[in-house]
Amino acid sequence: MTRIRVATTWLDGCSGCHMSFLDIDENIIQLFDRIELVYSPLVDFKTIPENIDLALVEGAVSSEADKEEILTLRSRSKVLISFGDCAVTANVPGMRNQFSVMETLSRAYIENSASGQILPSGFVPKLLEYSRPVHEYVTVDLFLPGCPPPAGVILSILNDLIDGRPLSLGGKTRFGA
Amino acid sequence: MRYPAFLQRIADRADVQPVRILTFSINGQAVSAREDETILSVARENGISIPTLCHLDGLSERGACRLCIVEIKGSPKLSPSCVTLPRQDMEVITNSDRVLDYRRKILELLFTERNHICSVCVSNGHCDLQSLTTELGMTHVHYDYLHTRHAVDASHERFSVDHNRCVLCQRCIRVCEEIEGAHTWDVMGRGYLSKVITDLNQPWGESTSCTGCGKCVQVCPTGALSEKGKSVAEMTKKRQFLPYLKLMRGDESR
Ligand code: SF4
Ligand code: SF4
Ligand code: SF4
Ligand code: FES
């Protein structure tokens, strides 16, 4: 059986959605008979390959680097899933959207910094004005809400996709779950 | 129609002025109703569910959220069923594609107006707004978020209000006025810039009219009003008191 080519990435997220993915425990063994992880923070590939069948995106789009990553990933993937609340709504990263980028940066690097008190420049990606959901930048094929989405739901959605069954979340996961 | 008080007493007498009974249909099902019952209440009596947010049994209707919209044959606009009375032979549709589509859009717009971060909200898992997303099949928001900045007022000894989570349903205003009789809450401003206020927009803790009864907190459908000391997902609301209070006040109408 040819294995489908899966990529996962995290943008502005806490890695919790990926941890929930790993929470499928021993099911991962059967799953990996059917998928091949071609790009992911969980494995050691540095660049996004071509011909991805399925991409899971955790996190909001918050910086120039996130934006570049999501545009490239989308252009190389057949199916793209917004994976978790940060990807779907901007969630916790989006809490800064009430404030300007400068207010956010000075809160973190000046007001609450005991020493240093220098704003980062050059060596970290530039923050965009707002932290936004993935679908505001690229077309998303499926939305998987939850903070994080439960492991069982992730597994059943992946199996449905691989088997070509119609996809329905049917209230199994929700915002904040 | 309201008459002068001495005539109204006669008009209110069922033997002199019996309430008319109407027949009409909901989703093709024939139903009967008193002429003063809303379409929403007739639907629910007949086991037909219509989603609501600002409606709460025991309070007057406000028609604020528009989630209860239905289609009425012959009318180009959709009508909020909690404030629309039936007419003889009216044909009501509660579940057409058009209705479902607009309900979802209204719900999405509610999420764009304020800042709802369910994962860190006191009401996570116990919120009427959040439940509506699964009920109406809302998977994401198609519109741009407004990123408006809102305050939190934690000046009251036992309660706090987080305007980021408020949907302007006005349940707090109605329970405080109609059940508690204090009328501490009101609304100021226009459109999406409106906000609920205590007294004349003073900090809640300085309000001289608030009795501290907590009814507003219990009826609030979201995490906007909460008890202090409750952390993420800990704020469950108790609403069982409303029917009893209504009964004790001898108020049969609503
Ligand atoms: S009020 Fe409800 S919908 Fe809004 S953030 Fe809290 S749980 Fe979510
Ligand atoms: S605590 Fe009671 S009196 Fe005070 S604002 Fe709420 S409902 Fe009104
Ligand atoms: S504070 Fe709560 S009850 Fe009052 S209008 Fe806002 S959401 Fe409704
Ligand atoms: S429930 Fe009818 S408008 Fe809110």
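Right above here is the structure, for reference.
Residues numbered from 1 in each chain as written. Chains lettered and ligands numbered in written order. Predicted model: local features only at pLDDT ≥ 70, side-chain atom pairs only at ≥ 80, totals over all residues. Heavy atoms only, no water.

A. Structural detail: the pattern of salt bridges. Residue and element names in this part refer to chain A. In total, this model carries 19 salt bridges over all chains according to the counting rule given. For aspartate 163, the salt bridge identified is with arginine 165, shortest N-O distance 3.1 Å. Using a relative accessible area of 35% as the deciding quantity, one classes aspartate 163 as partly exposed. (Salt bridge = Lys/Arg side-chain N within 4 Å of Asp/Glu carboxyl O. Buried < 20%, exposed > 50% of the residue type's maximum accessible area, 1.4 Å probe, protein only.)

B. Here's a closer look at the interface of chain A and chain B. On the side of chain B, 22 residues touch chain A, which itself brings 22 residues to the contact. Summing the contributions of chain A and of chain B, the shared interface buries around 1,800 Å²; its carbon and sulfur component is 58%. By the criterion of area lost to chain B, the three top residues of chain A are A:Gln98, A:Arg174 and A:Phe175, representing 37% of everything that side buries. At the junction of chain A and chain B, the tally comes to one salt bridge. (Contact = heavy atoms within 4.5 Å. Buried area = accessible area lost by both parts, 1.4 Å probe.)

C. Main features of the packing of aromatic side chains. Residues and elements named next belong to chain B. Under the defined criterion, the tally for this structure stands at three aromatic pairs over all chains. An aromatic cluster is built from Phe159, Trp185 and Trp204, whose rings are joined through pairwise contacts. The ring centre of tyrosine 102 lies 5.2 Å from the NZ or CZ of lysine 105, which sits over that ring. (Phe/Tyr/Trp six-rings, centres within 6.5 Å; stacked < 30°, edge-to-face > 60°. Lys NZ or Arg CZ within 6 Å of the ring centre and 35° of its normal.)

D. Inspection of the site of ligand 3 at higher detail. B:Cys166, B:Cys169, B:Gln170, B:Cys172 and B:Cys220 are the nearest of the 13 residues found near ligand 3. Residue composition of the shell around ligand 3, grouped by class: 10 nonpolar, two polar and one charged. (Near = heavy atom within 4 Å. Nonpolar A, V, L, I, M, F, W, Y, C, P; charged D, E, K, R; others polar.)

E. Molecular detail of the site of ligand 1. Every one of the 13 residues lining ligand 1 counts as a neighbour, but B:His116, B:Cys118, B:Cys121, B:Cys127 and B:Gly223 are closest to it. Split into classes, the residues belonging to the shell around ligand 1 amount to six nonpolar, six polar and one charged.

F. Representation of the side chain of B:Asp153 within the structure. Residues and elements named next belong to chain B. Within the secondary structure layout, aspartate 153 lies in strand β6 (residues 152–153). No salt bridge is formed by the buried aspartate 153, whose closest oppositely charged neighbour, lysine 228, lies at an N-O distance of 7.4 Å. Polar contacts involving the side chain of aspartate 153 include one to the side chain of serine 155, which spans 2.6 Å. When near neighbours in sequence (up to four residues on either side) are disregarded, aspartate 153 contacts Phe159, Ser160, Val161, Gln202, Pro203 and Trp204. (Helix = DSSP H or I, 4+ residues; strand = E, 2+ residues; numbered from the N terminus. Lys, Arg positive; Asp, Glu negative; His and termini not counted. Polar contact = N/O pair within 3.5 Å; in protein donor to acceptor, adjacent residues only side chain to side chain.)

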